[in-house]
Structures are given as structure tokens and as C-alpha cells.
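A closer look at the structure
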Amino acid sequence: MASDTDAPSRVQVWLDQGVADAIPGLRLAIQNRFQSARDLVLVSEVNLLPGGEEIKNDPQYVEQVLRSMDRDQIDRRNYIVAIGGGAFLDAIGFAATLAHRGIRLIRIPTTTLAQADSGIGVKNAVNAFGKKNWKGTFSVPWAVVNDSKLLQAQPDREFLSGFSEAVKVNLLKSASGFRELVRSAQRIAQREMRPALAAIKQSVILHMDHITKGGDPFESLEARPLDFGHWSAHKLEALTGFELRHGEAVAIGVALDTVYSSLVLGFSQEITHQVLTTLSELRLPIYHPMLNASKLFDGLEEFRQHLGGRLTLTMLRDLAVPYEVHEIDRKQMLVAIERLKIVYASNDSHSMSAPWVRSATPRPPLGVCDEGLRTS
């Protein structure tokens, strides 16, 4: 890791305050580890900042990181190490990509959500103007380290919320992976690490394949294939004042768009049932009262603006067969919301029968599906 001059590379470490609180002694252990490094020098004590949406909502934190980089003379041949949850990695990564047009970033995600999804992506962002990820950059991290031991410090709510992204990516890309999640959901909810780590690994592989094998990771096209369920999820986070965790909002968004796909695109009613049941068995929400908020559909325009061009959403024609749509039938989306409300009120997803999602809406021809979204 040494620079061309063979001088030790300078390293700055940023640690999520919540992680530091949950793992006493971690901050000191990191600092001690650098004392024996030959080609690395820790230029300051490990820095602490709050995680969650707080770090993404308040611009003072990114400014603080930038000022610290300038103070410690961090340049392009040096390293920023970010240790924390997905929102924390987003914010520190955003600062790292701004300094000198990009500092080498090493991500060490500490949550199931970050290890399975955002930690291994190429996006960095903070919130602005009341909108999710309005300020952001694309940058490939120098390295990503998934340490399963770090997951043990998470409370159940955070541990389980990350598996919504695993459900999502398998729905889009792997029929066998989705079926395995259906089988293992209850064991994951009990924090059995063997099936949990298998689900995280599968999610990482699918995301990496998307990034490295022509899946448009820098979003130069109109579609965001891996953002199934996210148009409403991002809006729900803002509408609830970020009371909902990102993973929980994604679970609701995935449930909503799955039901909508069954109503409008003929997506399997049986698999729709499995999706809602699996999310429920993972102790994830499938409904929130703010789904009925008048501003929910503003999320469609915000989603479109994020990429520009036409509104382009990913829905499902079949398991592992995504399908792009450019408009939403609001009447049917309202029906989907009402269906989720009924299931939520019953507090028993297992009581559903397949015909409850039946729709007379004709299926569009298969040829309309973008070949770039097809998966085997």
C-alpha cells in the first residue's frame, strides 16, 4: 500500500458512533492495530460520527470529514476507512469522492443491510431538500471487507431489516435464491447465522454480477433495475421522518410493487403470497399508514428526476424476470395499497389465499421486456 516514494500511506479511520457504543474497545483496538503496521500510518485518532440518517441529513458532518482530510493532508495515495452502517458509508464515501476528486475508500460495513447491498455498490450520497440521496457520486471503493462478527452487535431490528434487500435482489435475479429465502426465513429471524450468512453471500454475488457484468452500475440508462420497490420506499422514509429504517421501507416497497405486478402484469399469485409471507416471517413490515398519504405518489416524480428522462420502474413479470414500465396505473396501485392494509390488519399473512390478487388486467407481450433486464 505504500506510495511511489515508499513513505507510509496515511490513513484516516471514521467509525459509526453506534458501532463504537455497541462494541466497547473497538476504537482503541483499531488504533493499537496500526501501531504495528509498517507501511501504514494512522494520522489521527479514530474519528467518531453518528450513523443512520442523521449523518446524511445534516451537511455539517460531510463538511467535518472534508476539513479533517485537509487538516491531515490526505491525498489520492492515502486511504479513508469507513466502518459503519449503510448510511454512514454513504456519507463518508461521499466526502471521500469529493476530496481531490477521489480518495481511496475502504468500506467495512457493520450491518446486514450494508453487507448485503449498499456496502458493495458504487454509490455515495447524502440527503438534501427533503429528498433521499439527492446529493451523490459514483465511485468504486478501493476495497470492501465483510466481517460477520460485526453483525453480532446489531439489535434484532437492524439485523433483520437488511434482509429486505436480499429478498429484492433474489426476486429480480435468482429463482433458486428466492426459494431458499422462503425456506430459511424463520431460521434467519431466529438469528441462525448459517442461513443468514448464506443469504448475505448470495446477495453480494448477485450485486457484484450486476456491477461487473453489464448491469449499468453507474445508471447511465433510464432504468434502475436493482431499485425494485424503492420509489415508494424512499418517499416513505421521508414521510415518516426516517422513523422507518431503510430496510423496513424497502420491505414495504417490495411488497407493494409485488402486489402491483400481480394486479397489472400477471405476476404469479402464488409467489406474491410467498413474498409477503417471507417478509412477514423475517419480521419485516409490509404496510405503513403513510402509504395512504397524498404525497406518496410524489415519489414517482422524484424517482424520475433522479435519473432524468422517462419514468422507468422495474416490476416483475415472473420470478427472476424483471419488466420495465414507464407509467403507473394509480387506481391499481391504490388497490395494491388497500390489499396490503387488509393483510396488515389481519396480522396474519398466512391467511391469504392466492385469488386475492387476481386481476383482469391483460398481460403485455413478452417482447416489451428489456433484454438487458432478463436473467437466467
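So, here's what we can say about the structure. (Residues numbered from 1 in each chain as written. Predicted model: local features only at pLDDT ≥ 70, side-chain atom pairs only at ≥ 80, totals over all residues. Heavy atoms only, no water.)

Section: the packing of helix 9 (residues 175-189) against helix 13 (residues 269-281)
For the pair helix 9 and helix 13, the least separation of the axes is 8 Å and the interaxial angle reads 25°. By the angle between their directions, the pair helix 9 and helix 13 is classed as roughly parallel. In this structure, helix 9 meets helix 13 at a crossing whose hand is left-handed. When helix 9 is examined against helix 13, the residues Phe178, Leu181, Val182, Ala185, Gln186 and Ala189 are found in contact with a partner set consisting of Ile271, Gln274, Val275, Thr278 and Glu281. The class makeup of the residues in the contact of helix 9 with helix 13 is seven nonpolar, three polar and one charged. (Axes fitted to C-alpha atoms, helices over the stretch in contact; angles between N-to-C directions. Helix = DSSP H or I, 4+ residues; strand = E, 2+ residues; numbered from the N terminus. Parallel < 35°, antiparallel > 145°, perpendicular 65-115°, else oblique. Left-handed = near helix turned anticlockwise from the far one by under 90°. Contact = heavy atoms within 4.5 Å. Nonpolar A, V, L, I, M, F, W, Y, C, P; charged D, E, K, R; others polar.)

Regarding the pattern of salt bridges
Considering all chains together, one arrives at 17 salt bridges under this definition. The residue Asp72 makes a salt bridge to Arg71 at a minimum N-O spacing of 3.0 Å. (Salt bridge = Lys/Arg side-chain N within 4 Å of Asp/Glu carboxyl O.)

Quick look at the packing of aromatic side chains
Counted under the stated rule, the structure contains five aromatic pairs. Between Tyr79 and Trp142 the ring centres are 6.1 Å apart and the planes differ by 75°, which places this aromatic pair in the edge-to-face class. Pair noted here: Tyr79 is in strand 4 (residues 79-84) and Trp142 is in the loop between strand 7 (131-138) and strand 8 (143-144), with a separation of 63 residues, a long-range link. On the basis of an interplanar angle of 45° and a centroid distance of 5.3 Å, the ring pair of Tyr287 and Tyr344 is categorised as tilted. Residue Tyr287 is found in the loop between helix 13 and helix 14 (298-307), and its partner Tyr344 is found in helix 15 (residues 330-346); the two are separated by 57 residues along the sequence. You can call Tyr344 partly exposed: its relative accessible area is 47%. Taking NZ or CZ as reference, Arg104 lies 4.3 Å from the ring centre of Trp142, over its face. Arg191 extends its terminal NZ or CZ atom over the ring of Phe159, reaching a point 4.2 Å from the ring centre. (Phe/Tyr/Trp six-rings, centres within 6.5 Å; stacked < 30°, edge-to-face > 60°. Buried < 20%, exposed > 50% of the residue type's maximum accessible area, 1.4 Å probe, protein only. Lys NZ or Arg CZ within 6 Å of the ring centre and 35° of its normal.)

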